[in-house]
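Each chain is listed here by its residues.
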Amino acid sequence: MAVATITTKSFESQLIVPTIVRKPLPAGQPREWYETHNRRLKAMRLAIALLDSGVYHPANATNRRIRNTAARIGIHPPSDTTCRMVRALIR
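The structure displayed is predicted, hence computed values, not measured ones.

So, how was this worked out
- Residues numbered from 1 in each chain as written.
- Predicted model: local features only at pLDDT ≥ 70, side-chain atom pairs only at ≥ 80, totals over all residues.
- Heavy atoms only, no water.
- pLDDT = per-residue confidence, 0-100.
- Helix = DSSP H or I, 4+ residues; strand = E, 2+ residues; numbered from the N terminus.
- Salt bridge = Lys/Arg side-chain N within 4 Å of Asp/Glu carboxyl O.
- Buried < 20%, exposed > 50% of the residue type's maximum accessible area, 1.4 Å probe, protein only.
- Expected span 1.5 Å × (residues − 1).
- Arc of directions from axis to C-beta.
- Contact = heavy atoms within 4.5 Å.
- Patch = residues over 30% accessible without salt bridge, like charges linked within 9 Å, V, L, I, M, F, W, Y side chains within 5 Å.
- Areas by Shrake-Rupley, 256 points an atom, 1.4 Å probe, with all protein chains shown as cover.
- Lys, Arg positive; Asp, Glu negative; His and termini not counted.
- Axes fitted to C-alpha atoms, helices over the stretch in contact; angles between N-to-C directions.
- Parallel < 35°, antiparallel > 145°, perpendicular 65-115°, else oblique.
- Nonpolar A, V, L, I, M, F, W, Y, C, P; charged D, E, K, R; others polar.

Draft legend 1. Structural detail: the confidence of the model for the protein chain. Averaged over all residues, the pLDDT of the protein chain is 87; the fraction at 70 or higher stands at 81%. Element-level pLDDT for the protein chain is lowest in helix 1 (residues 31-52), with a mean of 95, against a maximum mean of 97 in helix 3 (residues 80-90).

Draft legend 2. Broad picture of the pattern of salt bridges. The final tally for this structure, using the stated rule, is 2 salt bridges. Ionic pairing is found between Arg31 and Glu35, a salt bridge with its closest N-O pair at 3.1 Å. With Arg31 and Glu35 both in helix 1, this residue pair falls 4 residues apart, about one helical turn. Since its relative accessible area comes to 63%, Arg31 is described here as exposed. In this structure, Arg67 and Asp80 form a salt bridge, with 2.7 Å as the shortest nitrogen-oxygen distance. With Arg67 in helix 2 (residues 63-73) and Asp80 in helix 3, this residue pair connects regions lying 13 residues apart in the sequence. Among the residues examined, Arg67 registers a relative accessible area of 29% and is labelled partly exposed.

Draft legend 3. Focus on helix 1. Compared with the 32 Å implied by 1.5 Å per residue over 22 residues, the 32 Å span of helix 1 between its first and last C-alpha is a close match. Turning to helix 1, its buried residues are Lys42, Ala43, Leu46, Ala47, Ala49 and Leu50. Buried residues along helix 1 cover an arc of 160 degrees about the axis, so they all sit on one side. Those residues of helix 1 that are exposed and angled more than 90 degrees off the buried face are Arg40 and Asp52. For helix 1, the elements touching its buried residues are helix 2 and helix 3.

Draft legend 4. View of a nonpolar patch on the surface. On the surface, Met44, Ile48 and Leu89 cluster together into a nonpolar patch covering about 280 Å² of accessible area. Along the polypeptide, Met44 turns up in helix 1.

Draft legend 5. Expanded view of the side chain of Lys42. Tracing the backbone shows Lys42 in helix 1. Buried and unpaired, Lys42 has Asp80 as its nearest opposite-charge partner, separated by 11 Å. Once residues lying within four places of it in the same chain are set aside, the contact partners of Lys42 are Ile75, His76, Pro77, Pro78 and Thr82.

Draft legend 6. Expanded view of the packing of helix 1 against helix 2. Packing of helix 1 against helix 2 leaves a shortest axis separation of 10 Å and a crossing angle of 95 degrees. Taken together, the axes of helix 1 and helix 2 lie roughly perpendicular to each other. Here Arg45, Leu46, Ala49 and Leu50 of helix 1 lie close against helix 2, whose contacting residues are Arg65, Ile66, Thr69, Ala70, Arg72 and Ile73. Here the residues of the contact of helix 1 with helix 2 are counted per class, giving 6 nonpolar, 1 polar and 3 charged.

Take a look at the structure:
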């Protein structure tokens, strides 16, 4: 019986980010809708990055750690509200 194995090379110095096809947001929504939508996307990106780095409990996701993660993945520092959303997503 033959067993197939898949090998991948890991490069610590290079962060491989998949390309995301972005669609334009729907027109005609109130400004708060766009702000909330973008805040949720940012919180989701940060929550995923924290989970990938080993932060599995909201108590370990301090504002400082969330902001350091944001700097590491190259996005603007989140507000306190976004940090709360990240902790809620990790829950």
